[in-house]
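Now for the letters of each chain:
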Amino acid sequence: MIRVAVAGAAGKMGATVCAAVEGADDMQLTGRADPALGTTLAQVLPDADVVVDFTRPDTALANALQCVEAGVHVVIGTTGFELEPLRDARGANVFVAPNFAIGAVLMMKFAAEAARHMAKAEVIELHHDQKLDAPSGTAKRTAELMAEASGKPEPPIHSVRLPGLVAHQEVILGDLGQTLTIRHDSIDRASFMPGVLLAVRKVADLPSSPLVGLEHLL
Ligand SMILES: NC(=O)c1ccc[n+]([C@@H]2O[C@H](COP(=O)([O-])OP(=O)(O)OC[C@H]3O[C@@H](n4cnc5c(N)ncnc54)[C@H](O)[C@@H]3O)[C@@H](O)[C@H]2O)c1
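Residues numbered from 1 in each chain as written. Predicted model: local features only at pLDDT ≥ 70, side-chain atom pairs only at ≥ 80, totals over all residues. Heavy atoms only, no water.

A. Looking closely at the side chain of His-168. Following the sequence through the fold, His-168 ends up in strand β8 (residues 167–175). Polar contacts involving the side chain of His-168 include one to the main-chain amide nitrogen of Val-166, which spans 3.0 Å. His-168 has contacts with Ile-124, Glu-125, Leu-126, His-127, Arg-183, His-184, Asp-185, Ser-186 and Ile-187, leaving out every residue within four places of it along the chain. (Helix = DSSP H or I, 4+ residues; strand = E, 2+ residues; numbered from the N terminus. Polar contact = N/O pair within 3.5 Å; in protein donor to acceptor, adjacent residues only side chain to side chain. Contact = heavy atoms within 4.5 Å.)

Right, here's the structure in full:
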């Protein structure tokens, strides 16, 4: 049994992760940390093998460092914060994914491949209007992967924030007389759960840490 605590447990993603962990045969939900629940991360760390963090851009780094110092592995879904200070964190593993949905991972892979063959591209990411960071972590990662694959500059990113949306992204590539559009839609937060549970199962045995991107675990 993997003992899992969730940071941001009262949030939209955190609550969905708590339910997914409770539904997994090989996991036990041992803690729900969230200021909204009156429970701190420090309180849940002693009973956890892995912490899953879906909090806020301004707290995810401090949370992750606190986990590693306590020898607890951490799976981070929070986006919009600087990963650099985690490079020297030793004591437990850190896994980060800007997007835990398999369809989004494929969208990034296909976009990187297409960027090698078509002249120019732009990225449009669309999210619910409560999202704190822009552009999204997924869009920034997509742009990086496209630039790495093609040797061209990173494509521009446009951000849309509207009620009714969950998490969506379009990569539009243009060339002589044609365009190609690659689109992914997370229409339910359930889309992220298989990826999150996979990361919880694998975080103790990462080849290196911090490791960024669900593609490394598939
Ligand atoms: N990687 C992915 O696949 C993915 C998917 C969706 C969302 N996200 C990211 O996940 C994060 C959370 O998104 P959300 O929509 O659930 O936000 P949310 O606002 O609904 O939830 C965040 C929760 O974190 C809590 N919190 C704040 N500070 C905390 C702390 N120090 N310790 C513990 N909990 C704390 C808040 O009280 C809140 O309940 C965002 O950064 C978002 O971009 C990532």
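What follows continues from the structure just given.
B. Quick look at the sheet that holds strand β7 (residues 157–161). The 4 strands lie next to each other as β7-β6-β8-β9, forming an open sheet whose pairing is mixed. At either margin of the open sheet sits one strand with a lone partner, and together these are β7 and β9 (178–186). The mean angle between the axes of side-by-side strands here comes to 15°, regardless of whether they run parallel or antiparallel. Both strand β6 (residues 120–127) and β7 contribute to a ladder of 5 bridges, which runs parallel. Of the residues in β7, the one forming a bridge with Glu-125 is Ser-159. Across the sheet, helix α4 (residues 102–115) touches β8 and β9, and the angle it forms with β9 is around 165°. Along the sheet, helix α5 (residues 137–150) makes contact with β6, β7 and β8, crossing β8 at roughly 30°. (Pairing = 2+ DSSP bridges. Axes fitted to C-alpha atoms, helices over the stretch in contact; angles between N-to-C directions.)

That is the geometry; function is a separate question.
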